[in-house]
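What the coordinates show
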Amino acid sequence: MLDNRPQLPPEIARRRTFAIISHPDAGKTTLTEKFLLFGGAIQMAGQVRAKGEARRTRSDYMKMEQERGISVSASAMSFDFGAYRFNLVDTPGHSDFSEDTYRTLTAVDAAIMVIDGAKGVESQTRKLFEVCRLRDLPILTFCNKMDRESRDTFEIIDEIQENLAIDVAPASWPIGMGRDFLGCYDLLHDRLELMDRADRNRVAETVQIAGLDDPKLAEHIPAGQLAQLREEIEMARELLPAFDRKAFLEGHMTPIWFGSAINSFGVRELMAGIGEFGPEPQPQTAAERQIAPEETPVTGFVFKVQANMDPKHRDRVAFVRLASGHFERGMKLLHVRSKKPMAVSNPVLFLAADRELAEEAWAGDIIGIPNHGQLRIGDALTEGEGLRFTGIPSFAPELLQTVRAGDPMKAKHLEKALMQFAEEGAAKVFKPMIGSGFIVGVVGALQFEVLASRIEQEYGLPVRFEPSQFTSARWVSGEREAVDRFAATNKQHMATDHDGDTVYLTRLQWDIDRVVRDHPELKLTATKEMM
Ligand code: GDP
């Protein structure tokens with residue numbers, strides 16, 4: 001992946017842009033908090049959560065997120081660690097929000113997979129892992145909650161290898177577990193890391209060791225545990241592959257660290273690993289060509305749009321991954337889709353939990369651009385070149401429901417709310433040619449509930465979702481005249497999406513097959529390119 005790439009300018013080379021993937025409850029929030037703590041972005045652990053809660057009280061959908069233990073809001077956080085600048089892009093955790101998650105993963109160069117030491121690889125971890133694999137993303141693994149009774153270390157590693165078909169190279173080795181967990185032996189640097197149980201925010205004590213025969217070990221580890229550690233490490237070195245950076249960068253091998261996020265243990269070692277071994281900003285693919293991060297002109301693409309981040313303003317923030325160049329505030333960039341110039345005068349960098357004006361940013365960084373809806377997912381920004389970034393997936397809406405405003409007089413408001421969510425990429429919205437109401441298409445059932453509570457909270461509109469008479473949607477493309485002719489004779493099946501494009505709705509696969517057969521002049525697709 002990195003081989004035979006030219007050396008990057010130092011500001012770009014020091015960037016590490018990554019996401020955390022995990023099953024709910026494995027410890028992603030806690031780990032994020034400790035990252036920010038060690039990144040100097042917050043003074044005290046607990047701030048992220050406290051901030052999060054203040055924000056959550058603002059809306060029910062956030063409340064729902066709390067009750068269900070899922071995280072729906074996503075953002076990007078930047079902080080420094082040693083010589084490195086980390087950009088952590090938050091992924092929404094629940095499987096029902098996979099669209100968002102998939103897109104988020106198009107903006108990062110690596111992922112950290114957090115697993116619970118007692119539970120191993122859980123369903124959501126596996127799904128997210130598969131997405132990373134599609135993109136050959138390098139993955140670093142953090143096995144969390146080692147202060148609790150967890151599984152045998154070999155068993156955990158075996159499970160990852162078998163379940164995810166990836167080689168696992170231990171970067172650290174746990175000493176004991178549960179109540180007897182003392183810390184880890186750092187296999188990459190021959191160091192002993194000892195956990196401080198008394199103070200959860202204290203960083204572990206580090207003891208440099210000259211190999212497993214060093215008598216210093218006995219000063220810190222009781223004889224029984226030491227014998228076991230020696231035996232296990234000997235076995236590990238024999239049975240498990242040694243860390244190979246190339247295999248890791250190619251996505252075939254994951255280094256694993258063991259730790260306890262809540263006790264701040266193992267976190268710094270993991271961060272050091274991201275810095276030392278993690279990939280630099282990688283080239284991005286556009287339909288026209290590959291974009292290398294070191295190219296001078298600034299380019300970037302929108303991978304996420306978030307509306308109503310501040311309920312006082314109806315603003316939207318488009319999250320842009322910079323693919324190349326050195327961005328400076330006030331720059332005029334070309335919005336490729338509309339072919340219009342756009343002065344980016346108030347971009348935001350997400351430093352820890354607060355937004356801050358970004359004076360400059362480099363390839364690899366994520367900047368937020370407040371806008372009124374011009375910027376959409378998949379859009380490219382350049383210094384003039386007509387690029388179209390590829391790789392941002394679009395998903396076929398698999399579940400359709402009709403939505404109505406509780407108060408019929410408010411239909412216009414409902415339309416506005418729905419259009420906004422459609423632009424955010426939170427749902428597909430179809431306006432049928434005949435009849436009133438809208439049909440909303442999503443990938444996971446929980447999205448209906450999230451939408452209903454967001455519409456109520458953000459627009460003060462109670463709404464009802466009801467079963468729709470349709471179960472499938474197909475975008476219809478072809479010569480304008482042919483599409484119009486088809487629509488005119490199939491009115492009861494026709495709708496338009498938020499861009500005004502024509503959609504065919506039905507409940508029978510048979511209908512779709514028939515249209516495909518009888519109308520060779522038309523093309524029916526289950527997804528629409530997000531351009
Ligand atoms: P998320 O759903 O993945 O974001 O998980 P959280 O970070 O919210 O953690 C889930 C629960 O596990 C919380 O109650 C945490 O306090 C707890 N937790 C997180 N890390 C550890 C750990 O290292 N040890 C123990 N015992 N509990 C932890």
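This one's a predicted model, so the numbers in the text were calculated from it and none came from an experiment.

Around the ligand there are 16 residues in total, and Asp25, Thr29, Thr30, Asp147 and Ser260 lie nearest to it. The contact in question runs from an oxygen atom of the ligand to an N or O atom on the side chain of Asn144, over 3.1 Å. Interatomic distance of 3.2 Å between a side-chain N/O atom of Arg148 and a nitrogen atom of the ligand. Take the shell around the ligand: its biggest share by element is three residues, from helix α2 (residues 28-38). The class makeup of the residues in the shell around the ligand is four nonpolar, six polar and six charged.

Okay, helix α11 (residues 267-277) next. Within α11, eight of the 11 residues are buried, which leaves it mostly tucked inside the rest of the structure. Taken as a whole, α11 has its buried residues at Val267, Glu269, Leu270, Met271, Gly273, Ile274, Gly275 and Phe277.

Under the 1.5 Å per step criterion, the end-to-end length of helix α12 (residues 411-424) is 20 Å for 14 residues, consistent within 8% with the ideal 20 Å. For α12, the tally of buried residues reaches 10 of 14 residues, placing the bulk of the element in the interior. In the segment just after α12, Gly425 is the residue with positive phi, at about 85°.

Topologically, Glu280 is positioned in the loop between α11 and β12 (284-285). Its relative accessible area of 21% is what places Glu280 among the partly exposed residues. With 114 residues separating them in the primary sequence, Glu280 and Ser394 have C-alpha atoms 27 Å apart.

Attention shifts here to the sheet that holds strand β7 (residues 172-175). A sheet is described by the order of its strands in space; here four strands give the open sequence β7-β8-β9-β10, paired in antiparallel fashion. Only two strands of the sheet have a single neighbouring strand rather than two, namely β7 and β10 (205-208). Across this sheet, the average inter-strand angle for adjacent strands is 20°, counted without regard to direction. Strands in contact with helix α9 (residues 223-239) are β7 and β8 (183-186); relative to β7, the strand with the most contacts, it is inclined by about 150°.

Within a regular strand, the side chains alternate between the two sheet faces. One ladder, built from four bridges, connects strand β17 (residues 332-335) with strand β18 (residues 340-343); its direction is antiparallel. Counterpart to Lys332 in the pairing with β18 is Ala343.

Turning next to the side chain of Thr17. As for its position among the elements, Thr17 is in strand β1 (residues 15-22). Relative accessible area serves as the criterion here: at 1%, Thr17 is assigned to the buried category.

Scoring rules and cut-offs
- Residues numbered from 1 in each chain as written.
- Predicted model: local features only at pLDDT ≥ 70, side-chain atom pairs only at ≥ 80, totals over all residues.
- Heavy atoms only, no water.
- Near = heavy atom within 4 Å.
- Polar contact = N/O pair within 3.5 Å; in protein donor to acceptor, adjacent residues only side chain to side chain.
- Helix = DSSP H or I, 4+ residues; strand = E, 2+ residues; numbered from the N terminus.
- Nonpolar A, V, L, I, M, F, W, Y, C, P; charged D, E, K, R; others polar.
- Buried < 20%, exposed > 50% of the residue type's maximum accessible area, 1.4 Å probe, protein only.
- Expected span 1.5 Å × (residues − 1).
- Pairing = 2+ DSSP bridges.
- Axes fitted to C-alpha atoms, helices over the stretch in contact; angles between N-to-C directions.
- Contact = heavy atoms within 4.5 Å.

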